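# Geometric and topological summary
Residue strings, one per chain:
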Amino acid sequence: MKTIIGITKKSYTIEEIASQIGGEIWICGSIYRIRRMSGFAFVIIRRSRDFIQCVYQSDTADFSLDELAEESCVRLKAFLRREARSKRGWELLLLKAEVLSRPKEPSPVVINHKEVNVSMEKLLDYRPVTLRNERERAVFRIEEGISNGFRRFFIKQGFKEIHTPKIVSAGAEGGANLFSFDYFGKKAYLAQSPQFYKQMMVGVFERVFEIGPVFRAEKHDTSRHLNEYTSVDLEMGYIENFDEIMQVETAMILSALEFLQNQYQEEIELLQIQIPDVKEIPVIRFREAKEQIAQNFCRIITDWNDFDPEEEKLLSKWIWRETGSEFVFVTHYPSAKRPFYAMDDPKEPEETLSFDLIFRGLEVTTGGQRIHDFEMQKEKLKKRGLQLSDFESYLMMHRYGMPPHGGLGLGLERFVSRLLNQDNIRYSALFPRDTHRLTP
Ligand code: AMO
């Protein structure tokens, strides 16, 4: 009987190829670009992470150049030779080609130039092909580097990875942005965040994290909202105060950026990313931040409960001027604007022991200490006019005992988008979901 044994077949890395100068190799990839010159042609091959320059000459290749088309998938035999003028110091001289598949039509947009020069709408409409562009796909290598950097940090720090349900019975974050649907005769929702479940899991594993999708029925099209985004969540028990959460976040971002710098140099150079300094992050109370914005930018503050997008930008500008930091923690948000699970400050009950992290003018994280006491949580739910019966399964953890705890949620697309200085979060979402976009 035929059996399968577990081996993994992988393509040569670029270093493995480079080590074979003077030899012949077989490689697979897609033809990114063919540039016909006089007497020869450059054939650029796109592979999972790199682009390789090959040279076609009719006297050394046993096939015709006409057999190759851009976006054909091929297996090539080539001779590896030194070439000082090529970026890598070597190139591949093509000998044989097996065409594995050929596109039916040429790409609807030019994808093999430095940038895809079309509107954002068109870029997103043709995402399966526009992502093949060198710069477009590098964005998602960076995203991988950041989320991998976070994950490595969490595991090193003793956080346990969890996967919580995305079909839920109640909204965790309040507000109107819940997607609801019929679940076998009951009303269900798509999870706005893993908030309840990550808190429950603190009672089990003490420190947990999740990197996964969350859903927000945002009705407005803005440059910073998606209807589905990737949330990086952590929750930890036995905290003494919520400074500890901000300390963990500072360390986690520092660690992820260091990992990125070590492992993603090519993408960093290609996208000209300026890695921010994050050794220390300034902290300011919400009220003081509002006062500074009013004073320094002659602005009349109308809402003392929250920032508007312009105020986040102004605050960042001021912090940058004062401290040279591109990040700022804003603490003690008004209780009225924070969800029912947020712990109020015993000294100032109108404020919460919570924070936001603002990075280059945009909120990228919310976090804080949670209520762990059963009676206190019941009281706050009641004060908000919420039905205790709707939160019975959430309250079970409080009823049966919880340590003091807190955590945070970071929007991955927002973080990457700020890192890359993009003016719209959609550029950092692989297949963004907004009010108009359900495909591709
Ligand atoms: P919050 O609702 O503030 O907090 O969300 C946390 C972070 O998620 C990002 N974010 C979004 N990103 C893209 N599109 C959206 N529509 C969107 N909404 C939010 C932001 C934001 O800072 N449970 C709490 C977190 C916690 O306290 O642990 C929560 O979800 O970067």
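Each chain carries its own residue numbering, running from 1 in the direction its sequence is written. Restriction of local features to residues with pLDDT of at least 70 applies here, the model being predicted, together with a cutoff of 80 or more for giving and counting side-chain atom pairs; totals for whole chains, interfaces and linings are based on all residues. Calculation of side-chain values draws on the structure's entire complement of heavy atoms; hydrogens and water are dropped beforehand.

### A short note on the overall build of the chain
Rules: Working definition: helices are DSSP H or I runs of at least four residues, strands are E runs of at least two. Numbering for both runs from the N terminus. Partly exposed residues are those whose accessible area sits between 20% and 50% of the maximum for their type, while under 20% is buried and over 50% is exposed, using a 1.4 Å probe and protein chains only. In what follows, a contact means two residues having at least one pair of non-hydrogen atoms within 4.5 Å. Accessible areas in this description were obtained via Shrake-Rupley with a 1.4 Å probe; residue shielding takes into account the shown protein chains only.
Of regular secondary structure, the chain possesses 12 helices and 16 strands. Across its three principal directions, the C-alpha atoms of the chain cover 85 × 65 × 40 Å. In the chain, which comprises 440 residues, the share counted as buried stands at 50%. Of all intrachain contacts in the chain linking residues separated by at least 6 positions in sequence, the fraction that spans at least 24 positions is 65%. Surface accessibility of the chain: about 22800 Å² in total, with carbon and sulfur atoms responsible for 50%.

### Examining the site of the ligand
What counts, and what does not: Any residue with a heavy atom positioned within 4 Å of a molecule or strand is treated as near that molecule or strand. The term polar contact refers here to a pair of N or O atoms within 3.5 Å; inside protein, the definition further demands a hydrogen-donor-capable atom paired with an acceptor-capable atom, and it admits residues adjacent in sequence only when both atoms are side-chain atoms.
The environment of the ligand is formed by 23 residues, the closest being E173, Q195, K198, E363 and T366. T365 places a main-chain nitrogen or oxygen 3.2 Å from an oxygen atom of the ligand. Contact between the ligand and R370: an oxygen atom at 2.8 Å from a side-chain N or O atom of the residue. The dominant element in the shell around the ligand, judged by the number of residues it contributes, is strand 15 (residues 362-369), at 5 residues.

### As for the packing of aromatic side chains
Test applied: Within 6.5 Å between ring centres, the rings of Phe, Tyr and Trp (the latter by its six-membered ring) count as paired, and their orientation is classed by plane angle as stacked under 30 degrees, edge-to-face over 60, tilted in between.
On inspection of all chains with the given rule, the structure shows 23 aromatic pairs. Ring geometry for F196 versus Y394: centroids 4.2 Å apart, planes at 35 degrees, classification tilted. Placement of F196 in helix 5 (residues 195-205) and of Y394 in helix 11 (residues 392-399) is noted, with a sequence separation of 198 residues between them. For F196, a relative accessible area of 8% translates into the label buried. Measuring from centroid to centroid gives 6.0 Å for F340 and Y341, while their planes differ by 80 degrees, and the two rings are edge-to-face. Taken individually, F340 and Y341 each receive the classification buried, so the pair is uniform in this respect. Taken together, the ring pairs in this structure connect F150, F153, F154, F159, F209, F327, F359 and F415 into an aromatic cluster.

### A look at the packing of helix 4 (residues 134-156) against helix 6 (residues 243-263)
Quick note on the threshold: Fitted lines through C-alpha atoms give the axes, limited to the stretch in contact for helices. The angle between two N-to-C directions lies from 0 to 180 degrees. By definition in this entry, angles of less than 35 degrees are roughly parallel, angles greater than 145 are roughly antiparallel, angles of 65 to 115 are roughly perpendicular, and the rest are oblique. Crossing handedness follows the turn of the near helix against the far one: under a right angle anticlockwise gives a left-handed crossing, and clockwise gives a right-handed one. Each residue gets one of three labels, nonpolar for Ala, Val, Leu, Ile, Met, Phe, Trp, Tyr, Cys and Pro, charged for Asp, Glu, Lys and Arg, and polar for the others, Gly among them.
For the pair helix 4 and helix 6, interaxial distance at closest approach is 8 Å and the crossing angle is 130 degrees. On the basis of their axis angle, the class for helix 4 and helix 6 is oblique. Considering how the two elements wind past one another, helix 4 and helix 6 form a crossing that is right-handed. Contacts from I142, G145, I146, N148, G149, F150, R152, F153 and F154 of helix 4 reach helix 6 at V248, A251, M252, I253, S255, A256, L257, F259 and L260. Looking at the contact of helix 4 with helix 6 residue by residue, the class counts come to 13 nonpolar, 4 polar and 1 charged.

### Considerations on the side chain of R437
Looking at where R437 falls in the secondary structure, it is placed in the segment after helix 12 (412-419). For R437, a relative accessible area of 8% corresponds to the buried category. A polar side-chain atom of R437 sits 2.9 Å from a polar atom in the side chain of D125. Sequence-distant contacts of R437, that is, excluding residues within four places in its chain, are made with E121, L124, D125 and P432.

### Thoughts on the side chain of S30
With respect to the element layout, S30 can be found in strand 1 (residues 24-36). What S30 contacts, discounting residues up to four positions off in sequence, is I44, I45, R46, S72 and C73.

### Comments concerning the domain arrangement of the chain
By a widely used convention, the size of an interface equals the accessible area lost when the partners come together. Convention followed: A domain assignment, automatic or from a database, supplies the domain bounds used here. Accessible-area loss on putting two parts together, using a 1.4 Å probe and summing over both, is the definition of buried area adopted here. We count a salt bridge whenever a side-chain nitrogen from Lys or Arg sits within 4 Å of a carboxyl oxygen from Asp or Glu.
What the domain assignment lists for the chain is domain 1 (14-101) and domain 2 (134-428). Computed from C-alpha atoms alone, the centre-to-centre distance between domain 1 and domain 2 is 46 Å. With 8 residues of domain 1 in contact, the opposing surface of domain 2 contributes 7 residues. Together, the buried faces of domain 1 and domain 2 total about 680 Å²; carbon and sulfur atoms form 28% of this surface. For the pair domain 1 and domain 2, the number of links is 2 salt bridges. For E266, the salt bridge identified is with R88, shortest N-O distance 3.8 Å. Inspection of the region where domain 1 meets domain 2 yields 6 residue pairs in polar contact (both at pLDDT 80 or more).

### Digging into the nonpolar core
Threshold: What we call a nonpolar core is a set of buried Ala, Val, Leu, Ile, Met, Phe, Trp, Tyr and Cys residues that are connected through their side-chain atoms within 4.5 Å.
Of all hydrophobic cores here, the largest spans 48 residues; its most connected members are I142, F150 and M252. Elements supplying a minimum of two residues to this core: helix 4, strand 10 (207-215), strand 11 (228-237), helix 6, strand 13 (327-331), strand 14 (354-359), strand 16 (405-411) and helix 12. Counting residues per element, this core draws most heavily on helix 6, which supplies 9 residues. Those residues within four positions of F150 in sequence are excluded, and the remaining contacts are V232, M252, I253, A256, L410 and L412. I34, V43, V74 and L76 belong to the second largest nonpolar core, which has 24 residues in total.

### Considerations on the sheet that holds strand 11
As a reminder, the rule being used: Strand pairing is defined by DSSP finding a minimum of two bridges between the two strands.
Pairing is mixed across the open sheet formed by 8 strands, whose spatial order is 6-10-11-16-15-14-13-12. Strand pairing shows two members of the sheet lacking a second neighbour, strand 6 (160-161) and strand 12 (283-285), which therefore form its edges. Pairing between strand 10 and strand 11: 9 bridges, direction antiparallel. If you follow F209 over to strand 11, its bridge partner there is L234. Taken strand by strand, helix 4 contacts strand 6, strand 10, strand 11 and strand 16, and its axis lies near 155 degrees from that of strand 10.

### Structural notes on helix 9 (residues 309-323)
Rule in force here: In this scheme, a helix's expected span is set at 1.5 Å multiplied by one less than its residue total.
The end-to-end C-alpha distance of helix 9 is 21 Å, a good match for the 21 Å that 15 residues give at a rise of 1.5 Å each. What helix 9 keeps buried is the set E311, E312, L314, L315, S316, W318 and I319. Following helix 9 by one or two positions, G324 adopts a phi angle in the positive range, close to 80 degrees.

### Observations regarding the pattern of salt bridges
Side-chain pairs of opposite charge can arise where the charged atoms are in close proximity. One pass over the structure, following the stated rule, counts 35 salt bridges. We note a salt bridge from E98 to R75, for which the minimum N-O separation is 3.2 Å. In this pair, E98 is assigned in strand 5 (residues 90-101) and R75 in strand 4 (residues 73-82), connecting sequence segments 23 residues apart. Its relative accessible area of 35% is what places E98 among the partly exposed residues.

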